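# A look at the structure
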Amino acid sequence: MSVIENSKLTVVGAGAVGSSVAYAALIRGSARHVALYDIAAEKVEAEVLDLAHGAQFTGSSDISGGSDVSVAAGSHVVVITAGAKQNPGQTRTELAGVNAGILKRMLPELLEVAPNAVYVIVTNPCDVLTVIGQEV
């Protein structure tokens, strides 16, 4: 896969899934610039540092990130992995309610800084949140 000149991919959520998506994007050369965004400042900064240490071996992509939504500015693709984990005994419907609230608060901010991006929602339950994302 060839990198589109100055392409930018932002991954929202620095948990296991988000960090794995950012890592995969770096090693595949999916975008020239990869950004990781999460409201947990210490977590996202640590993940960006870890990814940056390995980025020297991945080719021409670079990694940046932080806890301010501005890191997503100018993105061509935004992958949303942020959301709550399903707790033991929690139904899929209950999880959908929690994660829908997160998405409804976060998506307008992302759309403001990356209005022309393609948005990919990975957060569970993915089908429900995709419909909510379209409505937002």
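Scroll up for the structure.
All of the points below concern the structure found in this document.

Reading guide: rules and limits
- Residues numbered from 1 in each chain as written.
- Predicted model: local features only at pLDDT ≥ 70, side-chain atom pairs only at ≥ 80, totals over all residues.
- Heavy atoms only, no water.
- Helix = DSSP H or I, 4+ residues; strand = E, 2+ residues; numbered from the N terminus.
- Contact = heavy atoms within 4.5 Å.
- Expected span 1.5 Å × (residues − 1).
- Buried < 20%, exposed > 50% of the residue type's maximum accessible area, 1.4 Å probe, protein only.
- Arc of directions from axis to C-beta.
- Pairing = 2+ DSSP bridges.
- Axes fitted to C-alpha atoms, helices over the stretch in contact; angles between N-to-C directions.
- Patch = residues over 30% accessible without salt bridge, like charges linked within 9 Å, V, L, I, M, F, W, Y side chains within 5 Å.
- Areas by Shrake-Rupley, 256 points an atom, 1.4 Å probe, with all protein chains shown as cover.
- Salt bridge = Lys/Arg side-chain N within 4 Å of Asp/Glu carboxyl O.
- Left-handed = near helix turned anticlockwise from the far one by under 90°.
- Nonpolar A, V, L, I, M, F, W, Y, C, P; charged D, E, K, R; others polar.

Glancing now at the environment of Leu 51. For Leu 51, the position within the fold is in helix 2 (residues 41–55). Each C-alpha atom of the pair Leu 51 and Gly 97 lies 32 Å from the other, and the pair is 46 residues apart in sequence. Here Leu 51 is in contact with Ser 19, Ala 22, Tyr 23, Leu 26, Leu 36 and Ile 63, once residues within four sequence places are set aside.

Now for helix 2. Between its first and last C-alpha, helix 2 extends 21 Å over 15 residues, near the 21 Å set by a 1.5 Å rise per residue. Of all the positions in helix 2, only Val 44, Glu 47, Val 48, Leu 51 and Ala 55 are classed as buried. Each buried residue of helix 2 lies within a common arc of 100° when the element is viewed along its axis, so the set occupies one face. Facing away from the buried side of helix 2 by over 90 degrees, the exposed positions are Glu 42, Leu 49, Asp 50 and His 53.

Moving on, we get to the sheet that holds strand 4 (residues 77–80). Read from one edge of the open sheet, 5 strands run 3-2-1-4-5, paired in parallel fashion. For this open sheet the edge positions go to strand 3 (62–66) and strand 5 (118–121), each flanked by a neighbour on one side alone. Sheet twist, expressed as the average angle between the axes of neighbouring strands with direction ignored, equals 20°. Packed on one face of the sheet, helix 1 (residues 16–28) meets strand 1 (8–12), strand 2 (33–37), strand 3 and strand 4 and runs near 175° to strand 2. Strand contacts of helix 2: strand 2 and strand 3, with the helix running at about 175° to strand 3, the strand carrying the most contacts.

Let's shift gears to a nonpolar patch on the surface. Residues Val 17, Val 118, Val 120 and Val 122 make up a contiguous nonpolar surface patch of about 290 Å² in total accessible area. Here Val 118 shows up in strand 5.

Here we come to the packing of helix 3 (residues 92–113) against helix 4 (residues 126–135). For any two helices packed against each other, one specifies the inter-axial angle together with the distance between the axes. Running from amino to carboxyl end, helix 3 crosses helix 4 at an angle of 30°, the nearest separation of the two axes being 10 Å. Of the two possible hands of crossing, helix 3 and helix 4 adopt the one that is right-handed. When helix 3 is examined against helix 4, the residues Arg 92, Ala 96, Asn 99, Ala 100, Leu 103, Lys 104 and Leu 107 are found in contact with a partner set consisting of Asp 127, Val 128, Leu 129, Ile 132 and Gly 133. Here the contact of helix 3 with helix 4 is built from residues that sort into 7 nonpolar, 2 polar and 3 charged.

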